[in-house]
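A closer look at the structure
Residues per chain are reported as follows:
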Amino acid sequence: MESENQTCVSEFILLGVSEDVLLQPLLFGLFLSMYLVTFIGNLLIILAIITDSHLHTPMYFFLSNLSLADICFISTTIPKMLLNIQTQSKVITYAGCITQLYFFMLFGDLDNFLLTVMAYDRFVAICHPLHYTIIMNPRLCGLLLLTSWIMTALHSLLQSLMVLRLSFCEELEIPHFFCELNQLIHLACSDTFLNDLVMYFATGLVAIVPLTGILFSYSKIVTSIFRISSAGGKYKAFSTCGSHLSVVSLFYGTGLGVYLSSAAAQNSRASAIASVMYTVVTPMLNPFIYSLKNKDIKQALKKLFSQETYHGDYT
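Conventions adopted
- Residues numbered from 1 in each chain as written.
- Predicted model: local features only at pLDDT ≥ 70, side-chain atom pairs only at ≥ 80, totals over all residues.
- Heavy atoms only, no water.
- 1 Å grid on protein atoms, 1.4 Å probe; cavity = no way out; pocket = protein on both sides within 12 Å on 5 of 7 lines; lining within 4 Å.
- Points joined across faces, edges and corners; volume = space filled by probe spheres on them.
- Helix = DSSP H or I, 4+ residues; strand = E, 2+ residues; numbered from the N terminus.
- Buried < 20%, exposed > 50% of the residue type's maximum accessible area, 1.4 Å probe, protein only.
- Contact = heavy atoms within 4.5 Å.
- Phe/Tyr/Trp six-rings, centres within 6.5 Å; stacked < 30°, edge-to-face > 60°.

1. A closer look at the layout of surface pockets
Approximately 710 Å³ is the volume attributed to the second largest pocket. Contributing to the lining of the second largest pocket are 23 residues, with Arg-122, Lys-236, Ser-239, Thr-240 and Asp-296 lying nearest its centre. The set of elements that each furnish at least two residues to the lining of the second largest pocket consists of helix 3 (58-75), helix 5 (94-127), helix 10 (231-264) and helix 12 (295-314). Residue contributions to the lining of the second largest pocket peak at nine residues, all from helix 10.

2. Quick notes on the environment of Phe-31
Inspection of the secondary structure assignment puts Phe-31 in helix 2 (residues 24-51). Its relative accessible area of 3% is what places Phe-31 among the buried residues. In the structure, Phe-31 is positioned 92 residues away from Phe-123 in sequence and 37 Å away in space, judged by C-alpha atoms. In this structure Phe-31 touches Val-17, Ile-78, Met-81, Leu-82, Val-276 and Val-280, once residues within four positions along its chain are discounted.

3. Let's talk about the packing of aromatic side chains
Summed over the entire model, instances satisfying the criterion amount to 16 aromatic pairs. For the ring pair Phe-12 and Phe-168, a centre distance of 5.2 Å and an interplane angle of 85 degrees mean the geometry is edge-to-face. Of this pair, Phe-12 sits in strand 1 (residues 11-14) while Phe-168 sits in the loop between helix 7 (138-164) and strand 3 (173-174); the two residues are 156 residues apart in sequence, bridging distant segments of the chain. Residue Phe-168 is classed as buried on the basis of its relative accessible area of 1%. Relative to Phe-103, the ring of Tyr-102 has its centre 5.1 Å away and its plane inclined at 85 degrees; by these criteria the two rings are edge-to-face. Taken together, Phe-31, Phe-73, Phe-104, Phe-177, Phe-178 and Tyr-278 form an aromatic cluster joined through their ring pairs.

4. So, unusual backbone geometry
Backbone geometry places Gln-88, a non-glycine residue, at a positive phi of 55 degrees. Position of Gln-88 relative to the elements: it lies in the loop between helix 4 (78-87) and strand 2 (91-93). Taking relative accessible area as the criterion, Gln-88 reaches 74% and is therefore assigned exposed.

This is the structure in structure tokens:
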């Protein structure tokens, strides 16, 4: 019976942020604007780093990959949401739902691992400045990036395969604007004990290990900064990791906020609204944090725009 129910599942219904018909045009405009700002903002960061040779360093190499991950992360959910609003359809196919789940977890986890790698980069730069270029060589940077991709791909694949083993019955409405792992497990009518176990253990491991690495790196960074005698030296050392610290605080702060609000909320719709913070707002704010707080990125963006203006005038 369970296998029969599972084979019958061809689609899910995404209820979205709100079912109010009058709010749909407003939601469409709002999320389209946020998507475009996120896409263009992160794309400009990538182009600025590629075109400016002064930014061809490990720190900005990882930042460009973080921006790419943010573009991909928001692109796994918002375009489908906008399409559903525009076509007035809430349907997502079973295969589409599993695919969305896989890539959502992939790029979300990749953000997490890249922030950890960037914390390690700042740790080496501040605590071992004389050996920075030797330690953070191109080979190690490539290895750290490759490891991040492999770890996130394996975790996403594991969770997706675990969902494939579930059977679903008549209740196929997901009170969310994308296929979220916890919501899919709650919809299943088969035994979900193993899924819950794997979800909490693997997700906890993927979250706790990187966070531990970030906290360890910053504990060493703070200790090194306090050893600097001059106030100017302390400010310069802290300013090199200020943007990263802001992004880390935003990433984990919104994630923790969504988790707590989901635990406290009486319905899943409140959880869907809260999850907008880390799925949309965080990727949107990251380019602003780096462009406003980082002098090198500011200069690279000015140079990029001046080149565009020059070529535009020339043509």
